[in-house]
Amino acid sequence: MSDFLRKSVCVVAMAVVPTAAFAAALPSSVRPAIPAEVQQLICVDYRALKNSDTAQQLKAQVLPENLKQFEVALKGAGIDPDRDVDQLAFISYRNPKQGVQVVGAAQGIFANKAVLRKLKLKKVRPVKYHSADIYPMSGGMEMSFLDETTLLFGESQALRGAIDARDGYVPTLDSNPEIANLIGDVESGTVWSILDQKGTQNMLISAMGDASRLADYDTVKKRILGSRYTMNFSNGVNFDLDVITTDTVTAATLSSLVKAGVLYRKMTASSVEKAALEDVTVNSDSSKLQMHFKADDKQFQSLIHTSLFAAVSR
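Residues numbered from 1 in each chain as written. Predicted model: local features only at pLDDT ≥ 70, side-chain atom pairs only at ≥ 80, totals over all residues. Heavy atoms only, no water.

Peer 1: I'd like a rundown of the overall build of the protein chain, residues and numbers included.
Peer 2: What the protein chain contains, in helices and strands, is 13 helices and 12 strands. When burial is assessed residue by residue, the protein chain has 52% of its 314 residues classed as buried. The long-range share in the protein chain, meaning contacts at least 24 apart out of those at least 6 apart in sequence, stands at 69%. Carbon and sulfur atoms make up 51% of the accessible area of the protein chain, which amounts to about 14,100 Å² in all. (Helix = DSSP H or I, 4+ residues; strand = E, 2+ residues; numbered from the N terminus. Buried < 20%, exposed > 50% of the residue type's maximum accessible area, 1.4 Å probe, protein only. Contact = heavy atoms within 4.5 Å. Areas by Shrake-Rupley, 256 points an atom, 1.4 Å probe, with all protein chains shown as cover.)

Have a look at this one:
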């Protein structure tokens, strides 16, 4: 399925907390480091990771390899992710020459001086890029402190692209109001994400399956502007997705198509998958398609091991 949904379920692995609710507002230190050509932005409260059996099961199954490498690399630098990291943000952005780049930002209490001293003792030396010091990490990744509480990490080109934005060499998120304006309504969620037009189109094609081949979808897809979702876990798992379109007719048509996609999937679904699909509601409100899913922890843990979940997490 789409990169959007694959990353979404990876985020769930880091955030499910059945007994508590947190918010993952975008850190003010991270926002200037987001290039304008954002494909997707995901924010999650990382403190939740160690508090849920569901999260641990998801982590083992779908956590991306580069995040595992990041955790190992942090420990090598003297940072304990479970203890020191409060929040993670993942930024996918389009670079005209290198294609889609992904950079991460971790916020927490890092004891910077101790970390830098340990790197120095290991003879790990930074490379200067603009005003930033970039340090190598294991697994081919690099990191740079934006300030005392924010660490930027990723592969070389992705990291430098984010630093270019932070230092004013390329346009930033705030110069892209269609995407930036999606954030305000979702950043109070435990986990939230925004996705641009092209990414939303691809996500819906994957989500609808055969229904996306209908002529109506080809007509309305150009009128899709972007999407956003929140996930909250104070009482089971609650997922709310808004797809923003240009007008009410497009939203209503898209709602009908997504409902058709749910019906298509039910035809070949297992009993566990059918039960999950029964809990999906789809409607339209003004120019928005709205999708809601709710499950208790037991239902969700059962869904993890189904072919439907495997399809959306690859």
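So much for the structure itself; the text now carries on.
Peer 1: Explain the packing of aromatic side chains residue by residue, including any values.
Peer 2: Throughout the structure, instances matching the rule amount to 3 aromatic pairs. Relative to F153, the ring of F90 lies with its centre 6.4 Å away and its plane at 90 degrees, an arrangement referred to as edge-to-face. Of this pair, F90 sits in strand β2 (residues 85–95) while F153 sits in strand β7 (residues 150–154), and the two are 63 residues apart along the sequence. Summarising the burial analysis for this pair, F90 and F153 share the class buried. A ring pair is formed by F110 and F145, whose centres lie 6.2 Å apart and whose planes are at 55 degrees; its orientation type is tilted. Linking F110 in the loop between β3 (99–108) and α5 (112–121) with F145 in strand β6 (residues 142–147), this pair joins segments that are 35 residues apart in sequence. For the pair formed by F110 and F145, the shared burial category is buried. The aromatic ring of Y129 is capped on one face by R160, whose charged end is 5.3 Å from the ring centroid. (Phe/Tyr/Trp six-rings, centres within 6.5 Å; stacked < 30°, edge-to-face > 60°. Lys NZ or Arg CZ within 6 Å of the ring centre and 35° of its normal.)

Peer 1: Quick one: what's the story with the sheet that holds β2, residue by residue and with numbers?
Peer 2: Pairing between the strands of a sheet comes from backbone hydrogen bonds, and it takes one of two forms, parallel or antiparallel. Spatially, the 12 strands line up as an open sheet ordered β4-β5-β6-β7-β3-β2-β1-β8-β9-β10-β12-β11, and their pairing is antiparallel. Each edge of the open sheet is held by one strand with a lone partner, namely β4 (127–129) and β11 (280–285). Averaged over all neighbouring strand pairs, the angle between strand axes comes to 20 degrees, with direction disregarded. Looking at chain direction, β4 and strand β5 (residues 132–136) are connected through 3 bridges and run antiparallel. (Pairing = 2+ DSSP bridges. Axes fitted to C-alpha atoms, helices over the stretch in contact; angles between N-to-C directions.)

Peer 1: Explain the nonpolar core to me, and be specific about the residues and the numbers.
Peer 2: Ranked by size, the top nonpolar core spans 47 residues in total, and within it F70, L88, F153 and L204 carry the most contacts. Residues in contact with L204, not counting those within four places in the same chain, are Y217, I224, V243, L254 and V258. Within the second largest apolar cluster, 29 residues are counted, among which are I91, L159, A162 and I194. (Core = buried A, V, L, I, M, F, W, Y, C linked by side-chain atoms within 4.5 Å.)

Peer 1: I'd love a proper account of helix α6 (residues 156–166), names of residues and values included.
Peer 2: Burial within α6 is extensive, with 8 of its 11 residues counted as buried. Within α6, burial applies to A158, L159, R160, G161, A162, I163, D164 and A165. Buried residues along α6 sit in contact with β2, β3, β4, β5, β6 and β7.

Peer 1: Give me the lowdown on the side chain of S29, citing residues and values where you can.
Peer 2: Here S29 lies in the loop between α1 (3–13) and β1 (38–45). Of the residues examined, S29 reaches a relative accessible area of 16% and is grouped as buried. Here T150 takes part through its side chain, which lies 2.6 Å from a polar atom of the side chain of S29. (Polar contact = N/O pair within 3.5 Å; in protein donor to acceptor, adjacent residues only side chain to side chain.)

Peer 1: Give me the lowdown on the environment of R228, citing residues and values where you can.
Peer 2: Relative to the assigned elements, R228 resides in strand β9 (residues 224–232). Given the relative accessible area of 9%, R228 is considered buried. Along the backbone, R228 and L41 are 187 residues apart, and their C-alpha atoms lie at a distance of 9.4 Å. Look past the residues within four positions of R228 in its chain and what remains in contact with it is N181, L182, D185, V186, S193, I194, D240, L241, D242, I244 and K288. A distance of 3.4 Å separates polar atoms of two side chains, one belonging to R228 and the other to D185.

Peer 1: How would you sum up the confidence of the model for the protein chain? Please name residues and give values.
Peer 2: Per-residue pLDDT for the protein chain averages 80, and the proportion of residues at 70 or more is 81%. For the protein chain, α1 is the element with the lowest average pLDDT, namely 41, and β4 is the one with the highest, namely 96. Scored below 50 in pLDDT, residues 1–21 makes 85 contacts in the model with residues more than four places away or belonging to other chains. (pLDDT = per-residue confidence, 0-100.)

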